[in-house]
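As a plain string of letters, each chain reads:
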Amino acid sequence: MNEFENNEEYTCEKPQNENAGEKNNSENTQQPTGEQNPSAENTAEKSADVESNTTYHYSYASANHQNQNAYGNPNPQQNSAQYSTYNAYNTESAGYAEAPVHKKKNKTVITLIIVFGVCAVLAIVGLFVAASIGADKYKFNNSSNSDTTNPSAQVDAADQAEVPEKNASGDLTVAGVAKNVVDSCVGITVYTQATNYSNFYGYGSQNNNGEQVQSGAGSGVLMLESNGKTYILTNAHVISDGSKFTVTLNDKTEYEAAMVGYDSQTDIGVLSINKTGLKIAEFAKSDQTVLGEQVIAIGCPGGLDFLNSLSSGYVSALARPIQSTIGYNTECIQIDASINPGNSGGGLFNMQGQVIGINSSKIAATEYEGMGFAIPSNTAIATANSLIKVGYVEGRAKLGITYKSLTSYSNASAIVNALNQLGFENASGTMVINDVSNDSDLINKDIQPYDMIVAVNGDTMVSTDVMTSVLAKSKPGDKVKLTIARIKNNQIDTFEIECTLIESKG
């Protein structure tokens, strides 16, 4: 059987030398080598230098020549340059051809890689096309509104249903309260006067250059319009250290404000702006607030970037005693609505849109969450009205002294131990008198600088809160009994005096 009957492709490497060629001829007579025709010998010798490193591919092209020795021999009569590159037999008569292929380039492997790559790409594209067609078919079969003529059709958002401002009982919803009260809420920016400190060979001096720099921010509520001004209720700790203020309304309009006054004991302060015709808030009596009542807080947590943010919650407790930074206790409304820095001074509203408190403080610790406090509206209004009227809180009692805490002295522990032996146990809240005012009743008593108040009305001064609590419950003209301790000749003597309280005016 002839080797070429199956139309397969075979290759034969040209012998590297004459002996190798003879060996191939002797071992396989079925495979011609191109040297059987003596007439081609001279031509082969001429091209030996060019083709010494060339591989030849022999291809079977026609089944009609399966019994013929069909290898073309170069014709010496033709251009010899043509045959220095390849030898070819007329394909119409024999059907065989040979061409040089360099050893280092395997065209078959490269072709297969390209074919497989193209097939893989076509397969992936086919899968995507099939999936797309299937999805479109599914949409077409399952939607009566499909528009196959407009592939760019999109879903349009419907108009949102109107948010109710009242519930079935006629009470305002949170959205209703917010709409009614938000224009009564403002943001407050606080500025302080910048100072420059110069140092010259260890000698320093502080100079005020008049420049105002922003030092804080808070919230407020429009509480009153009178005499061409609008008054803003806020916290004392928001404005107490400021020298200049601006008030920003809900529509972002800004006005310069003036300080009317503040009271650190209740943490209430008041500003004013020269503008009228604004939305003044409505106030309710805080003693009618109910535990579990829903409330909303509006303010500027983080400053004016979050002007008039709203949080909602419930009244968690009533009349919670919260101590101020100066030792006075204020009974506050406890809420679970979010209160953050910047909310201070903002309004706490009930579901009728009335102010029932001024947000003042928050327990800010990792173990606490949802505990905010507001100064009741009854306290806030009384304090603000007095600040507007006379610049201080009327009817508040005081001793009329300046003092330092015993604990600020280096020998405090020795004095406390000595007082323990005298029966004043743990008198670490003892007040050391620095000065007595001319209007104080103590100016006519035997009181000297560095005298110590160790008890009031018989209660040992375990903290300064003992004194502030007594004064908060007293009125000008009331009398209190003070126990005084005096160090003399390295010994502590004690005595009692009675003092008539005078009015505090700031």
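Details of the structure are given in the entry above.
The present account deals with the structure reproduced in this document. (Residues numbered from 1 in each chain as written. Predicted model: local features only at pLDDT ≥ 70, side-chain atom pairs only at ≥ 80, totals over all residues. Heavy atoms only, no water.)

1. Section: the overall build of the chain
At step 1: The number of helices and strands found in the chain is 9 helices and 24 strands.
At step 2: Out of the 506 residues belonging to the chain, those deemed buried represent 36%.
At step 3: Surface accessibility of the chain: about 30200 Å² in total, with carbon and sulfur atoms responsible for 48%. (Helix = DSSP H or I, 4+ residues; strand = E, 2+ residues; numbered from the N terminus. Buried < 20%, exposed > 50% of the residue type's maximum accessible area, 1.4 Å probe, protein only. Areas by Shrake-Rupley, 256 points an atom, 1.4 Å probe, with all protein chains shown as cover.)

2. A look at the environment of Asn308
At step 1: Secondary-structure assignment places Asn308 in the loop between strand 11 (294-299) and strand 12 (309-323).
At step 2: For the pair formed by Asn308 and Cys185, sequence separation is 123 residues and the distance between their alpha carbons is 6.6 Å.
At step 3: In this structure, Asn308 is in contact with Val182, Cys185, Val186, Asn250, Ile298, Gly299 and Cys300, ignoring residues within four places of it in sequence.
At step 4: Separated by 2.9 Å, the side chains of Asn308 and Asn250 make a polar contact. (Contact = heavy atoms within 4.5 Å. Polar contact = N/O pair within 3.5 Å; in protein donor to acceptor, adjacent residues only side chain to side chain.)

3. Describing the pairing of strand 8 (residues 254-263)
Sheet faces and side chains relate simply in a regular strand, where the side chains alternate between the two faces.
At step 1: Relative to strand 8, strand 7 (residues 244-248) runs antiparallel, the two being bridged by 4 bridges. Bridging across to strand 8, Val247 finds its partner in Tyr255.
At step 2: Hairpin connection between strand 7 and strand 8: a loop of 5 residues separates the two successive antiparallel strands, and Lys252 in this loop has a positive phi of roughly 75°.
At step 3: Pairing of strand 8 with strand 9 (residues 268-273), which is carried by 5 bridges, proceeds in the antiparallel orientation. Residue pairing for strand 9: Asp263 is matched across the bridge by Ile268.
At step 4: The hairpin turn running from strand 8 into strand 9, its antiparallel successor, is 4 residues long, and Asp267 in that turn takes a positive phi close to 60°. (Pairing = 2+ DSSP bridges.)

4. Structural notes on unusual backbone geometry
Only a minority of non-glycine residues have a phi that is not negative, and only a minority of peptide bonds are not trans.
At step 1: Phi is positive for Asn308, close to 55°, though the residue is something other than glycine.
At step 2: You will see that Asn489, though not glycine, has its phi angle at about 55°, which is positive.
At step 3: Structurally, Asn489 can be placed in the loop between strand 22 (479-488) and strand 23 (491-500).

5. Here's the deal with the pairing of strand 13 (residues 329-335)
At step 1: A large share of strand 13 lies buried, amounting to 5 of its 7 residues.
At step 2: Across 3 bridges, strand 13 lies against strand 16 (residues 372-376) in antiparallel orientation. Looking across to strand 16, one finds that Ile335 is bridged to Gly372.

6. With respect to the packing of aromatic side chains
At step 1: Counted under the stated rule, the structure contains 0 aromatic pairs.
At step 2: Stacked on the ring of Tyr191, the Lys or Arg Lys244 has its end atom at 5.5 Å from the ring centre. (Phe/Tyr/Trp six-rings, centres within 6.5 Å; stacked < 30°, edge-to-face > 60°. Lys NZ or Arg CZ within 6 Å of the ring centre and 35° of its normal.)

7. Comments concerning the pattern of salt bridges
At step 1: In this structure the tally under the stated criterion is 6 salt bridges.
At step 2: Measuring nitrogen to oxygen at the nearest pair gives 2.2 Å for the salt bridge that ties Arg396 to Asp263. Note that Arg396 is positioned in the loop between helix 7 (377-390) and strand 17 (397-398) and Asp263 in strand 8, a separation of 133 residues in sequence. With respect to burial, Arg396 and Asp263 carry one shared label: buried.
At step 3: Lys389 serves as the salt-bridge partner of Glu394, at 3.9 Å between the closest nitrogen and oxygen.
At step 4: For Glu394, a relative accessible area of 38% gives the class partly exposed.
At step 5: In the salt-bridge network here, residues are joined through shared partners; they are Asp446, Asp451 and Arg486. (Salt bridge = Lys/Arg side-chain N within 4 Å of Asp/Glu carboxyl O.)

8. A few points about the environment of Gly347
At step 1: Note that Gly347 resides in strand 14 (residues 347-349).
At step 2: Each C-alpha atom of the pair Gly347 and Val182 lies 9.9 Å from the other, and the pair is 165 residues apart in sequence.
At step 3: Every residue in contact with Gly347, bar those within four places of it in the chain, is listed here: Val221, Ile296, Ala297, Ile298, Gly357 and Asn359.

9. Focus on the side chain of Asp263
At step 1: Note on Asp263: relative accessible area 8%, which makes it buried.
At step 2: Side-chain polar atoms of Asp263 contact the side chain of Arg396, separated by 2.2 Å.
At step 3: If we skip the residues at most four places from it in the chain, Asp263 touches Ala236, Ile268, Thr383, Leu387, Val393 and Arg396.

10. A word on a nonpolar patch on the surface
At step 1: Where nonpolar side chains cluster on the molecular surface, the patch consists of Ile110, Ile114, Val118 and Leu122 and spans about 380 Å² of accessible area.
At step 2: Tracing the backbone shows Ile114 in helix 4 (residues 107-142). (Patch = residues over 30% accessible without salt bridge, like charges linked within 9 Å, V, L, I, M, F, W, Y side chains within 5 Å.)

11. Examining helix 5 (residues 174-181)
At step 1: Taken together, the buried positions of helix 5 are occupied by Gly176, Val177 and Val181. An end-on view of helix 5 places all buried positions within 110° of arc, on one side of the element. (Arc of directions from axis to C-beta.)

12. Quick look at helix 7
Helical geometry: 3.6 residues make up each α-helical turn, so side chains three or four residues apart lie on a common side.
At step 1: Compared with the 20 Å implied by 1.5 Å per residue over 14 residues, the 20 Å span of helix 7 between its first and last C-alpha is a close match.
At step 2: Among the residues of helix 7, Ser377, Ala380, Thr383, Ala384, Ser386 and Leu387 are the ones counted as buried.
At step 3: Taken from the residues just after helix 7, Gly391 is the one with a positive phi, measuring 90°. (Expected span 1.5 Å × (residues − 1).)

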